[in-house]
Amino acid sequence: MAIVLLVMLLLRVRDPVPGMMGKQATVEDIANKREELGLNRPRYVQYFTLLQQMVTFDFSQELWTQPGMTVGELLRKSVPISLLLTLPALFLTTVISVCIGMISAYARGRLLDKILVFFAVLGMSISFLVYIIFGQYFGSYQLGRLVGQPVFSIHGYEPGLQNWAYYMLLPVLISVIVSMGYNTRFYRAVMVEETTQDYITTAWSKGASTSKIMFVHMLRNAMIPIITRIMITLPLLVTGSILLERFFGIPGMGDALLSAISNNDFPVIEVFSSIFAGLFICSIILTDVLYAVFDPRVRLQ
Amino acid sequence: MLSRFLKSREAKKLFRDKSAIVAMVVIAGYLLVALAMMFDVVSRDDCANVVGPNSVPGFFLREEPERRYEIARTSLFGKVKRALEKSDPEAALAEVQLGKLRVADKTPAELQAIVDEAVAIQDQLKEAESLDDDPEMLSLLETFESITAELVAPLSGSDRFMHGVALLLGTDAQGRSILFRGVYSIKVAIQIGVVTALVSVLIGAVLGSAAGYFGGWVDALVVWLYTTFSSIPNLVLLVVIAYAFQATDSDVKDTLLPVYIAFCATFWIGTCRVVRGETMKLKQLEYVQAAKTAGFGSMRVLFRHVLPNTSHLLLINFSLLLIGAIKSEVILSYLGLGVKSQPSWGIMIRDAGNNGDVMTGFFWQIGTATALMFVLVLAFNILSDALQDAFDPKHL
């Protein structure tokens, strides 16, 4: 709720109507438009109206930039696209970086570990933008020239699963590479913490095999931090990768939000931010539930 | 206090770490450069001025013949030629300049002769289909280049040196020096990084320790505040705040203030959370109880006894936030919401993207920005790792 308030206040810093009406608008025109959009009501009334709309899932406001299209339609259009981009990315990132983190923790202090950590730090130090620009250049442009036909799309999107690889695979890969550094380091730290625990020593002395210790004992016990990590990133799934969507011309939620911001499209910004907030709260609740599933010691009350 | 810090076991551990030392040296180097920029070694004007033909590669590399012809044709030669055609060649020639380069001190007649000679060669070059393979054409091109070079007044002493330095990493699509712009951006990045990291750490420390120490409604308020802020994706909040400022018509939007505020509003959260947890832990310790029993006021206990003991966390957070600020600055500037009216790595990367530099394989601009940023961020990453290892080894 507070988020809605915050966003609303931030947006009210400037009166958006004159910008929307263009330079020819007279003072009366502007006043009329304000009345029509309900912007001249007291702020708390606006706030509660917005809140009510959020709670009842009423997304029927029209877009300012495209009359006739409601925010709900925009959401229905952009959310699946964003999810198609971010879900595979999250899945791949988590699986790969948990594995690398485990290998690194297992080889702690040895050369392999040092190399992996070094590459993780190296990967963290390059700007996201650079990954995207060079990924786009080498991945779609140069590779396309090399093969003779376009392998990955440079810009644009078409719906349909058969087109997924063409439009989405490259952004997904880039996003995996970008988040790899952070995640690998994090999971390594988690795993290193686990290797010092007593139950690992017990498992060794029982004669369990290395792979069993790593994948059964350790992975299960490291589940809590892993879940927390994934849950934190969950709301970001829907926002998508704003930059990736921008670059590759994928009309997902991040792209919609960004163009709404640059076009002063009020309803979109308000609704989208509120949705993020709602998702955030949901993901916190979900995290607690999953804790109980993976760690029987945690009891839901 | 500083000497006590330097003698502490943790600090010694830090200074034993070789990579940390290297990182600190690198960061010190960057700081020196930033300081030099403060004293206008490279001023903002230097970054905006045209120093040579556009898109020249760095390290004075020779280019493809086609491109060399293009550069020789479009630099001073073209301008001199046009000036000579005017009714008052003397006055027109005096105005001709390309960065610091001016027309050689010769009479219009002499210049005319050179231009005529060059035009003759140019005609031959035009007829050639490809300049790449033909050795005859290549030698012609070289004569063309040397003839057009005669039009330029040779630079003397420091000017010549500065011109060379400016062209060291080539020029961008507007003929501005990439090196100057890249180096000036160091100052911008460090300025933003230090200011936002400092302010965010301060806000986070004060709010976090107050919440942890007093509990009750203070705690509830602070926790509510940071959950609110953290539930909006970082980038979205940054963009919205930057946007809100952009909307105001004051002079503020041309300064760095919107960027500072946007960053501080999002960055204090992490510090606040960590400090709150640490304060809650410290509050239970005997020495705090003792200080309370001794009758010290809660402010004194908080600021003299509790906060100093979280300083290691503040240091680590400062270093982490600096990285975050530098990286986010680049992204915001790239989106056109961050730094304006002065160069920044984000703007350089954006320019490189927009001008099609990347598509034509001209990597000097984006490469410079990336490399400078990469080294700085890498150094800070290594340093914060070392800090974390030394001061807070249990951290995940």
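Residues numbered from 1 in each chain as written. Chains lettered and ligands numbered in written order. Predicted model: local features only at pLDDT ≥ 70, side-chain atom pairs only at ≥ 80, totals over all residues. Heavy atoms only, no water.

Describing the overall build of chain B
- Along the backbone of chain B there are 19 helices and two strands.
- Surface accessibility of chain B: about 18,800 Å² in total, with carbon and sulfur atoms responsible for 61%. (Helix = DSSP H or I, 4+ residues; strand = E, 2+ residues; numbered from the N terminus. Areas by Shrake-Rupley, 256 points an atom, 1.4 Å probe, with all protein chains shown as cover.)

Description of the overall build of chain A
- From N to C terminus, chain A includes 14 helices and zero strands.
- Starting at the N terminus and ending at the C terminus, chain A contains elements arranged as α-α-α-α-α-α-α-α-α-α-α-α-α-α.
- Across the 301 residues in chain A, those meeting the buried criterion constitute 48%.
- The contacts of chain A with a sequence gap of at least 6 include a subset with a gap of at least 24, amounting to 68%.
- As displayed, chain A has an accessible area near 15,200 Å², and 65% of this comes from carbon and sulfur atoms. (Buried < 20%, exposed > 50% of the residue type's maximum accessible area, 1.4 Å probe, protein only. Contact = heavy atoms within 4.5 Å.)

Quick notes on the packing of aromatic side chains
- Considering all chains together, one arrives at six aromatic pairs over all chains under this definition.
- Arranged with centres 6.0 Å apart and planes meeting at 15 degrees, the rings of F134(A) and F138(A) form a pair that is stacked. Residue F134(A) and its partner F138(A) are both found in helix α7 (residues 128–147); the two are separated by four residues, about one turn of the helix.
- Exposure remark for F138(A): the relative accessible area of 43% places this residue in the partly exposed category.
- Judged by centre distance (5.2 Å) and plane angle (85 degrees), the ring pair of Y213(B) and F214(B) falls under edge-to-face.
- Residue classification places F214(B) among the partly exposed positions, given a relative accessible area of 36%.
- Connected via pairs of aromatic rings, a cluster forms that spans F134(A), Y137(A) and F138(A).
- For R229(A), the ring lying beneath its charged end belongs to F186(A), and the centroid distance is 4.5 Å.
- Between R300(B) and the ring centre of F296(B), over which it is positioned, the NZ or CZ distance is 4.3 Å. (Phe/Tyr/Trp six-rings, centres within 6.5 Å; stacked < 30°, edge-to-face > 60°. Lys NZ or Arg CZ within 6 Å of the ring centre and 35° of its normal.)

Description of helix α11 (residues 178–214) of chain B
Residue and element names in this part refer to chain B.
- The end-to-end C-alpha distance of α11 is 53 Å, a good match for the 54 Å that 37 residues give at a rise of 1.5 Å each.
- For α11, the capping residue at the N-terminal end is S177, with a side-chain oxygen 3.4 Å from the backbone nitrogen of L179.
- Backbone geometry just downstream of α11 places G215 in the positive-phi region, at approximately 65 degrees. (Expected span 1.5 Å × (residues − 1). Polar contact = N/O pair within 3.5 Å; in protein donor to acceptor, adjacent residues only side chain to side chain.)

A word on the confidence of the model for chain A
All names here are of chain A.
- Summing up the model confidence of chain A, the mean pLDDT is 74 and the portion of residues at 70 or higher is 72%.
- Per-element confidence in chain A ranges from a low mean pLDDT of 46 for helix α2 (residues 17–21) to a high of 86 for helix α6 (residues 111–124).
- Below pLDDT 50 for its whole length, residues 12–23 participates in 24 contacts with residues either more than four positions away or in separate chains. (pLDDT = per-residue confidence, 0-100.)

Here's the deal with the pattern of salt bridges
- Applying the stated criterion across every chain yields a total of five salt bridges over all chains.
- Salt-bridge contacts for R185(A) lead to D385(B); the nearest nitrogen and oxygen are separated by 2.6 Å. With R185(A) in helix α8 (residues 164–195) and D385(B) in helix α19 (residues 364–391), this residue pair bridges two chains.
- Judged by its relative accessible area of 23%, R185(A) is partly exposed. (Salt bridge = Lys/Arg side-chain N within 4 Å of Asp/Glu carboxyl O.)

Some remarks on the nonpolar core
- Ranked by size, the top nonpolar core spans 121 residues in total, and within it F272(A), W345(B) and I349(B) carry the most contacts.
- Per element, the largest residue contribution to this core is 14 residues, and it comes from α11(B).
- Apart from residues lying up to four places away in sequence, W345(B) is in contact with G182(B), S185(B), I186(B), A189(B), I326(B), V330(B), A369(B), L372(B), M373(B) and L376(B).
- Judged by nonpolar contacts, the second largest core, of 16 residues, contains V98(A), M102(A), F186(A) and Y187(A). (Core = buried A, V, L, I, M, F, W, Y, C linked by side-chain atoms within 4.5 Å.)

Side note on the packing of α11(B) against helix α12 (residues 216–230) of chain B
Residues and elements named next belong to chain B.
- Between α11 and α12, the shortest axis-to-axis distance is 7 Å and the interhelical angle comes to 140 degrees. Viewed along their axes, α11 and α12 adopt a mutual orientation that is oblique. Once α11 is placed against α12, the crossing between them reads as left-handed. Contacts between α11 and α12 involve L207, A210, A211 and F214 on the former and, on the latter, G216, V218, D219 and V222.
- Partitioning the contact of α11 with α12 into residue classes produces six nonpolar, one polar and one charged. (Axes fitted to C-alpha atoms, helices over the stretch in contact; angles between N-to-C directions. Parallel < 35°, antiparallel > 145°, perpendicular 65-115°, else oblique. Left-handed = near helix turned anticlockwise from the far one by under 90°. Nonpolar A, V, L, I, M, F, W, Y, C, P; charged D, E, K, R; others polar.)

Details of the environment of I242(A)
- Its location among the elements puts I242(A) in helix α12 (residues 242–248).
- Here the alpha-carbon distance between I242(A) and M124(A), two residues 118 residues apart in the chain, equals 19 Å.
- Residues contacting I242(A), with those up to four places away along its chain left out, are G254(A), L258(A), L235(B) and V236(B).

Focus on α6(A)
- The end-to-end C-alpha separation of α6(A) is 20 Å, in line with the 20 Å expected for 14 residues at 1.5 Å each.
- Of the positions making up α6(A), those classed as buried are D113(A), A120(A), V121(A), G123(A) and M124(A). Buried residues in α6(A), looked at end-on, bunch into an arc of 165 degrees, giving them a common side. Turned more than 90 degrees from where α6(A) packs its buried face, L111(A), K114(A) and F119(A) sit exposed.
- Taken together, the buried residues of α6(A) touch α5 (71–106), α7 and α8 of chain A together with α17 (311–334) and α19 of chain B. (Arc of directions from axis to C-beta.)

Examining the packing of α11(B) against helix α14 (residues 257–283) of chain B
Residue and element names in this part refer to chain B.
- Between α11 and α14, whose axes approach to 5 Å, the crossing angle comes to 35 degrees. Here α11 and α14 pass one another in a crossing that is right-handed.
- Split into classes, the residues belonging to the contact of α11 with α14 amount to 18 nonpolar, nine polar and two charged.

A few points about a nonpolar patch on the surface
All names here are of chain B.
- On the surface, F5, L6, F15, I21, V25 and L315 cluster together into a nonpolar patch covering about 480 Å² of accessible area.
- When residues of the nonpolar patch are traced back to their parent elements, those giving at least two are α1 (2–7) and α3 (18–38).
- Of note, F5 is situated in helix α1.
- Given the relative accessible area of 30%, F5 is considered partly exposed. (Patch = residues over 30% accessible without salt bridge, like charges linked within 9 Å, V, L, I, M, F, W, Y side chains within 5 Å.)

Details of the state of the cysteines
- Evaluated as defined, the whole model comprises zero disulfides over all chains.
- Of the cysteine sulfurs around C272(B), a residue in no disulfide, the closest is that of C264(B), at 14 Å. (Disulfide = S-S within 2.5 Å.)

Structural notes on the side chain of K187(B)
- Among the secondary structure elements, K187(B) is positioned in helix α11.
- A residue is classified by how much of its surface remains accessible, and K187(B), at 11% relative accessible area, is buried.

Regarding the environment of S209(A)
- On the secondary structure map, S209(A) appears in the loop between α9 (198–206) and α10 (210–221).
- Sequence-wise, S209(A) and L122(A) are 87 residues apart; in three dimensions their C-alpha atoms are separated by 33 Å.

Here we look at a positive patch on the surface
All names here are of chain B.
- On the surface, K7, R9, K12, K13 and R16 cluster together into a positively charged patch.
- Ranked by residues supplied to the positive patch, first place goes to helix α2 (residues 9–16) with four residues.
- Within the secondary structure layout, K13 lies in helix α2.
- Here K13 falls in the partly exposed class, since its relative accessible area comes to 39%. (Lys, Arg positive; Asp, Glu negative; His and termini not counted. Charge placed at Lys NZ, Arg CZ, Asp CG, Glu CD.)

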